[in-house]
Each structure stands twice: as structure tokens, then as C-alpha cells.
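Structural overview
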Protein chains: 2
Amino acid sequence: MKATIYDIAKKAGVSIATVSRALGENRDKVKPETREKIYNICKELDYSPNSIAKYLAKKTTGSIGLVLPEIQGDFYTEIIKGVDEISYSGGYNLLVASSHSRRNIVESILGFMKESMVDGVVLMIPSMNKQIESILSKYQIPVVIISDMEGFDEYDKVSIDNYQGAYSITEYLIKTLGHTKIATICGPEENFDAQKRKKGYIDALKDAGLPIEKRWIVESDFTIKGGEIACSRLLSLKEKPDVIFAANDNMAAGCYNTANLLGYKIPEDLGVVGFDHVAFCDFLKPKLTTVHVQVSEIGRVSTNLLLERLSNKNKEDRPPKHLKISTGIIIGNSVIKKTTN
Amino acid sequence: MKATIYDIAKKAGVSIATVSRALGENRDKVKPETREKIYNICKELDYSPNSIAKYLAKKTTGSIGLVLPEIQGDFYTEIIKGVDEISYSGGYNLLVASSHSRRNIVESILGFMKESMVDGVVLMIPSMNKQIESILSKYQIPVVIISDMEGFDEYDKVSIDNYQGAYSITEYLIKTLGHTKIATICGPEENFDAQKRKKGYIDALKDAGLPIEKRWIVESDFTIKGGEIACSRLLSLKEKPDVIFAANDNMAAGCYNTANLLGYKIPEDLGVVGFDHVAFCDFLKPKLTTVHVQVSEIGRVSTNLLLERLSNKNKEDRPPKHLKISTGIIIGNSVIKKTTN
DNA sequence: CTCTGAAATGTAAGCGCTTACATTTCAAAT
DNA sequence: ATTTGAAATGTAAGCGCTTACATTTCAGAG
């Protein structure tokens, strides 16, 4: 049987209150000698407090929750890694929930919230969901949102600077490489990241005085397959683009496949650029030019915000912060200077 | 303030015991009408039981823990996916812990065990660790081990059939493709999977009457970089192998890089085969011939064993099961029939 | 109409801890 | 020696639930 605080108290000849104090935040309120004695007995009996009983008494679990739309893929594990790192060093346990075929994101959140299993949650919302708002306002635990959406301004929000990333790489294609015929494969319409990336692309073209060609904007779904289909659509146009800006690396990889299949050489016949800089980029030949995102930084930053909130529990609340993680461009060989022909 | 069982009881004009019964496993011990009334009030007040208080009273958390050596990479997320799927459908929550720079695997296990946060754990042990054994025997909660190690026979164990996989692909190289000069890059010596894969390779050579060439067995660390180094080592030998069996796909990818760099064409100048069939294989050109492993199946199978144990809590224990997940060969274009030259 | 026992419900203890408040201890001040 | 108040410790309630046991209800038997 596992030792309880009573066992320790009895063996040390003190009350359980003293043991609790010696082990908790008020160590200094117990005499150093007794404290020492208690420590030794704890070690001897291999005692460690039951965290669940502790919760019931303190109303704080020492855990934070991370809710993701999905768990597979480098992107999400990087986020987890970032969150894990910070929560661990802040002394918190991390519970991860993700939606899957049999559980949607709302259920995941509710699981945490309703059963009061966590002190706070980091919540990634990739696209609009009406239910979420009402849930969040109902349960009053601290929440940090990872999303590039409008609204939810009363919460801390963190996201990649999608707009800036897309703008920069488009501008790079135009100004540095001299391209003018640039198409984009954007992500799902309801996806916030996709929206911002598309906007960055459009604004960069506009600012350069280039026309926005509707046919060169095709929507897809952030998957490789989706990229393949979208690419072949673009290549079948009468007026073909010279470069495709795929809104993520998966779809860029899809472009590689299609180009390969149809006999286009990258970068000579078709330039491709991506977004995310996920791990598999290293395996693409030629190396993909893409927007680098410090994904784990998103996790770290958002968790820091959450811990800030948690430690301020009873003090006055600071106003919500809205942070963007900046991006950079990774130059590969998947697109070259425009040749005048 | 969140509603408690008292709120429900008061509003329904019954005792908390009745509410508890109406909501728990003994629903049938409360009159249908009262039950109905209680349900409605719960819905109205948006009540759901505090699972932590429930634990304290019942001594069962409704959660299982998954302890991984790491969380990054397709391999681990596939495992998580498998475990998640089964635990979810069995009504359990899943807590995932992994070691990282600041927390080793033993700490991860202890976190779960000591604080009694989980009813059982699925534990992946990739290499020998003496502490683990004593920890496991100290805390008597059900454990399923994912590992291809000897020992721990009193626990349920699940693993990939590493030996069979390695044997098969080596045999395939010999018998089907006619190769005789086959080198291997094996994983870390202390890693159980690596040990078994190496043994499979050796036995297949032996059984075919081929000599075991010490210089053709080089140890590495399952990383891409490690594969690169090991490959250049093999290619610098006076007597070069025709094919390299890399003990995982990462190292196989490393071989691709090195071959590329040194001017060897795959598969003409050098054949490469891998193990795992992780997602990025699709991006390797030419497509990698490798051993397919149903990774998520490992998670599913082990979790099923655990749930079996948990549901049998008080009945007689069944003897431990030791299961191997079988493998298959994915034929790519990274190795071709031996040409007589 | 009373009796009986199963069904329905209530009472209260207990799960392992924290903590407000009460009590005791003890060194320093008088 | 006595007083005093901070320091150290103890007492006991309470966190939200489950459940053994006690009590009440009530349909059917006598």
C-alpha cells in the first residue's frame, strides 16, 4: 500500500498538518529539524503526495491542457514540444488532447474543462467554430488561443505571422527574382492561416502593381494530394504561371509530384515555393524555397502567456496579449530568376 | 461557480447519494422517474461530475498513461494515435509523457506512478534501463511494455517483429535479387530493436551460406546524419558492398545523401533498403524499398492488452501475453537485381 | 388490515490532502 | 520569575464524490 501523509506523520510523531506544511509552500513555517526529519522519513517510505487529493483540497491541478485539431505531422509535434518544454520547466504537467475520427475538437476541450482536469488550456483553433466561443465563456479557466483569426480579442492569442510570411516570399519572387506570373494554391477557405497567407500573396502582388489573376488562385486542402490536383489544374491553364506559391509545404510537395508526372522540370519549367519549412523539405529535390516558421516557438510563447496568467491567479488581470511569431525565408533551388523569353 | 452534486440534489429534492447513483454505474437502483428528473436538472445546470473527486472516492482515475522515449517523428505519433484510439473507445483518457532534454524516461514514469494519476500505463522501453524494473515492481499498477527485449516476462509485452522483418528483407535481397555483398548499418548497440534487426540480418546471411563480413556491419544511431557517416564509411572500404540494409529509414535517407554527394547512383551503383516505412519515404527518389511496420497497430494492440487487464481488476489475472506485430516488405526502386559483372 | 421483503432513498464516513484557526512552545524582554 | 508575542505545531473542517449500511416506502401476500 502506498504511504499517505498519515503514515509519515505517525512515524515522525507530528500531525499531518506539519507534514503537509513541511512538504508544501510553507516549508519555512516548520522548524528546520522537524522538516529534516520529515524529509528523511518520506524518503525512507518512498512517499510522495497524492496529487489528486491535493487538487481536491487546493482546487488547482498543476496540469495544463493542450488541445490540437490533430496530432500527426511535424507541425503538431513541434507545437507539443514547445508547450511541453515550458510547462515542464514551470512545474506543470501537460495533457494533450486532439480531435480524431471519433472525437471532435469541441469534445476535446469539453473533456478538459468540464472535468476540471486542468488549470488552464492552450487551444489551437485552425478554423471557425461557433460552439467554441460559448464553451470558453462558460468555463472560466485561463485560455490561450493559437490562431490567426479575428475576434476572441479578450483572450491571449498567438500565431505565426502568416500574412507577413506570405507577403515576404511573394515579394521575394517579384523583386528579387523578377517574376510576374505567380500563382498560388491556397488552403481551405475557412482556415485562418490559409486566409492570411492568401491575403499576403494578394497584397504583395497589388503593391508591386501586378494584376490579381483569379484563375491563378486555386483553393486546396493543405494535403499532398490536394497539391497535386491543384497543380495540374494550374498547368492546364492556357496562360500558365511561372511560379506557384503553395500555401504549405505539403501542397508544394504535391506540385513536385505533378510536375514530375507531367514532365515539367523544377525550377527550369516551373518554380515552386512553400510555407512552413517542415522536416521533409530536406528530402525534396531540388530543395524547396519556403517560408520558415519556428513552430515550437509558437508552443513556447503561448505556454508562457498561460503560465503568466496562472501565476497571476488572484491579482489583477493584465490585458490580453496578441502575438505574432515572425517568419523567415529559406532559399532553396526550387525557383530561379525569371529568364526573359 | 460550477454546479456540484449538492446543487443537483437540492434542486431535485433528493439526497446526493441518489444523484450519484442515478449518474453512476447503479442507475438501475434509482426509480426511473427520479432518474429522469435528475438528468434534466443536470442538463439544465450543465453539471458534470468532477472526475478528480470521483477518483479520490473510487481510487480509479479513468486515465491511462503512455510513456515514450520521445515524441517527435512519425513513429511516435503513430503509436500515440493507436493508443489514443483504443483508450478513447474504452472510455479512458490518455496522458502522454515523453522524455526530453530535461526529463528522462524514468522521471516520466515516476510522475505517473507516484502521483497515482493513471490506472495503468503503456510503456515503451527502447533500451536497457536498470531503474525501470525496480520502479515497476514497486508500484503495482498494470503495465504493458512496448519493447523487443528479453526479460520483463511477467508483463504483457508488444513489439514489432524486428527479427522477422530484417530477416525477410535480407532474404529478399539474396534470394529474389541475387545479392551477396550486403552490408548493414545497424542502430545503437543498446537498442533492442537494433539488436533484433541485426540478428535477423546475420541469420539470413548465414542461412543462405554467405559469410558474415565484420567490416560490412557498422553501427550508427538511427539518425540521418548517422546514416550519412556510416554510408561514407562503407563506401570507402576497399571491398565495397553492393547493397546497404539500413536498420531504419532515417539512416537509409542518410545513405541517399552520401551516395548523392559521392557520385554513386541509387540503385545502379548502390542499393539501399530501410526499415519502418515512415511517411517521408514517399519523398525519396528513387522510392525506398523498406520493411513496413504497422506502427499504430502496436499502440492499438498494447492498449487493448492494458484495458483487458484493467477490466479484470479484481478477477484472477491471466498470464502475461507477449505479442509481435508482423511486418511486410514495401518494394521500391532503391535496389535492383544483381547484375553479373 | 397487517405483515414482509424488495425497491428506493437517505445518512454519514471516508478517500488524502490543505489551511484557517486554536493551542502550545520558547526565546527574549521586563 | 514573569510576561509577551512570534514561531511551531495541532485540530478539525472541508474539497466533491462513492458506497456500506440504515431507514423508509410500498406492492403484494396473508
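Everything numeric in this text was worked out from a predicted model, so none of it was measured.

**What to know about helix α12 (residues 295-311) of chain B**
Residues and elements named next belong to chain B.
- In this model α12 runs 25 Å from its N-terminal to its C-terminal C-alpha over 17 residues, within 8% of the 24 Å that 1.5 Å per residue would give.
- Counting buried positions along α12 yields twelve of 17 residues, so the element is predominantly enclosed.
- If you check which residues of α12 are buried, you get V295, S296, I298, G299, V301, S302, T303, L305, L306, L307, R309 and L310.

**Focus: the sheet that holds strand β12 (residues 327-330) of chain A**
All names here are of chain A.
- Reading across the sheet, the six strands line up as β7-β6-β8-β9-β10-β12 and stay open at both edges, with mixed pairing between neighbours. Lying at the two open borders of the sheet, with one neighbouring strand each, are β7 (217-219) and β12. Strand-to-strand, the axes of this sheet are offset by a mean angle of 20 degrees, without reference to chain direction.
- Where strand β9 (residues 271-276) meets strand β10 (residues 289-293), four bridges bridge the pair, whose relative direction is parallel.

**Focus on the protein's contact with DNA strand C**
- Looking at DNA strand C, there are 29 residues lining it, with A:I5, A:S20, A:Y47, B:S15 and B:R21 nearest.
- Between a phosphate oxygen of DNA strand C and a side-chain N or O atom of B:T18, the distance comes to 2.8 Å.
- Between DNA strand C and B:L56, the relevant distance is 3.2 Å, taken from a base oxygen to a main-chain nitrogen or oxygen of the residue.
- For the surface near DNA strand C, the secondary-structure elements that each account for two or more residues are α1 (5-12), α2 (16-23) and α4 (51-58) of chain A together with α2 (16-23) and α4 (51-58) of chain B.
- Broken down by element, the surface near DNA strand C gets its largest block of residues, five residues, from α4(A).

**Structural notes on the environment of B:V106**
Residues and elements named next belong to chain B.
- Mapping V106 onto the fold places it in helix α6 (residues 105-114).
- For the pair V106 and I135, spaced 29 residues apart in the sequence, the C-alpha separation amounts to 8.4 Å.
- Those residues in contact with V106 that lie beyond four places of it in its chain are N129, Q131, I132 and I135.

**Re the interface of chain A and chain B**
- With 45 residues of chain A at the interface, the matching set in chain B holds 45 residues.
- Buried surface at the junction of chain A and chain B, summed over both partners, amounts to about 4,100 Å²; 54% is from carbon and sulfur atoms.
- Looking only at chain A, the three residues that lose the most surface to chain B are A:I52, A:Y88 and A:F283, adding up to 18% of its buried area.
- In this assembly, chain A and chain B are joined by zero salt bridges.
- Of all the secondary structure elements, the ones that give two or more residues to the side of chain A that touches chain B are α4, α5 (74-89), β2 (93-98), α6 (105-114) and α11 (249-262) of chain A.
- In terms of residue count, α5(A) provides more of the side of chain A that touches chain B than any other element does, eight residues in total.
- Residue composition of the side of chain A that touches chain B, grouped by class: 19 nonpolar, 13 polar and 13 charged.

**Here we look at unusual backbone geometry**
- Here A:K285 and A:P286 are connected by a cis peptide whose omega angle stands at -5 degrees.
- For the bond running from B:I266 to B:P267, omega is 5 degrees, close enough to zero to count as cis.
- Within the secondary structure, B:P267 is located in the loop between α11 (249-262) and β9 (271-273).
- Positive phi, close to 70 degrees, is recorded for A:F222, a residue that is not glycine.
- Tracing the chain through its elements places A:F222 in the loop between β7 and α10 (224-235).
- A positive phi angle, close to 60 degrees, is found at A:H277, a residue other than glycine.

**Focus on the domain arrangement of chain A**
- Partitioning chain A into structural domains gives domain 1 (5-49), domain 2 (61-160 + 295-325) and domain 3 (162-294).
- In this structure, domain 1 of chain A and domain 2 of chain A have C-alpha centres spaced 36 Å apart.

**Re α2(B)**
All names here are of chain B.
- Of all the residues in α2, the buried ones are T18, V19 and A22. Taken around the axis of α2, the buried residues stretch over an arc of 100 degrees, which confines them to a single face.
- If you follow the buried residues of α2, they end up packed against α1 (5-12) and α3 (32-45).

**Some details on the protein's contact with DNA strand D**
- In the vicinity of DNA strand D, 29 residues are found, and the nearest of them are A:S15, A:T18, B:I5, B:S20 and B:Y47.
- When the atoms of DNA strand D within 4 Å of the protein are sorted by group, sugar and phosphate make up 62%.
- A:L56 places a polar main-chain atom, nitrogen or oxygen, 3.2 Å from a base oxygen of DNA strand D.
- Between DNA strand D and the protein, one listed contact pairs a base nitrogen with a backbone N or O atom of B:A53 at 3.3 Å.
- Elements with a contribution of two residues or more to the surface near DNA strand D: α2 and α4 of chain A together with α1, α2 and α4 of chain B.
- Top contributing element to the surface near DNA strand D by residue count: α4(B), with five residues.
- The class makeup of the residues in the surface near DNA strand D is 14 nonpolar, seven polar and eight charged.

**So, the relation of the copies chain A and chain B**
- Superposing chain A onto chain B takes a rotation of 180 degrees combined with a translation of 0.1 Å along the rotation axis, leaving an RMSD of 0.1 Å. Here the two chains are linked by the operation of a two-fold rotation axis.
- Both copies share a contact surface, since 100% of the interface residues of chain A are interface residues in chain B too.

**Structural notes on the packing of α2(B) against α3(B)**
Residues and elements named next belong to chain B.
- The contact between α2 and α3 brings their axes to 10 Å, and the two run at 90 degrees. The angle between α2 and α3 falls in the class roughly perpendicular. Of the residues in α3, those touching α2 at T18, V19, A22 and L23 are R35, I38, Y39 and C42.
- Of the residues assigned to the contact of α2 with α3, the class counts are six nonpolar, one polar and one charged.

**Observations regarding the nonpolar core**
- Formed by 150 residues in total, the largest nonpolar core has its most connected members in A:I79 and B:I79.
- When near neighbours in sequence (up to four residues on either side) are disregarded, A:I79 contacts A:L68, A:M124, A:I146, A:V295, A:I298 and A:G299.
- Within the second largest apolar cluster, 46 residues are counted, among which are B:F112, B:I132, B:I135 and B:I145.

**Some words on the pairing of strand β2 (residues 93-98) of chain B**
Residues and elements named next belong to chain B.
- In terms of burial, β2 is a largely internal element, five of the six residues being buried.
- Examined bridge by bridge, strand β1 (residues 63-68) and β2 share six bridges and lie parallel to one another. Each residue of the ladder has a partner; that of L66, found in β2, is V96.
- As for the winding sense of the linkage, the β-α-β connection from β1 through helix α5 (residues 74-89) to β2 is right-handed.

Quick notes on the rules
Residues numbered from 1 in each chain as written. Chains lettered and ligands numbered in written order. Predicted model: local features only at pLDDT ≥ 70, side-chain atom pairs only at ≥ 80, totals over all residues. Heavy atoms only, no water. Helix = DSSP H or I, 4+ residues; strand = E, 2+ residues; numbered from the N terminus. Expected span 1.5 Å × (residues − 1). Buried < 20%, exposed > 50% of the residue type's maximum accessible area, 1.4 Å probe, protein only. Pairing = 2+ DSSP bridges. Axes fitted to C-alpha atoms, helices over the stretch in contact; angles between N-to-C directions. Near = heavy atom within 4 Å. Polar contact = N/O pair within 3.5 Å; in protein donor to acceptor, adjacent residues only side chain to side chain. Contact = heavy atoms within 4.5 Å. Buried area = accessible area lost by both parts, 1.4 Å probe. Salt bridge = Lys/Arg side-chain N within 4 Å of Asp/Glu carboxyl O. Nonpolar A, V, L, I, M, F, W, Y, C, P; charged D, E, K, R; others polar. Domains from an automatic or database assignment. Arc of directions from axis to C-beta. Least-squares fit on C-alpha atoms with pLDDT ≥ 70 in both. Parallel < 35°, antiparallel > 145°, perpendicular 65-115°, else oblique. Core = buried A, V, L, I, M, F, W, Y, C linked by side-chain atoms within 4.5 Å. Right-handed = clockwise from strand over helix to strand, strands pointing away.

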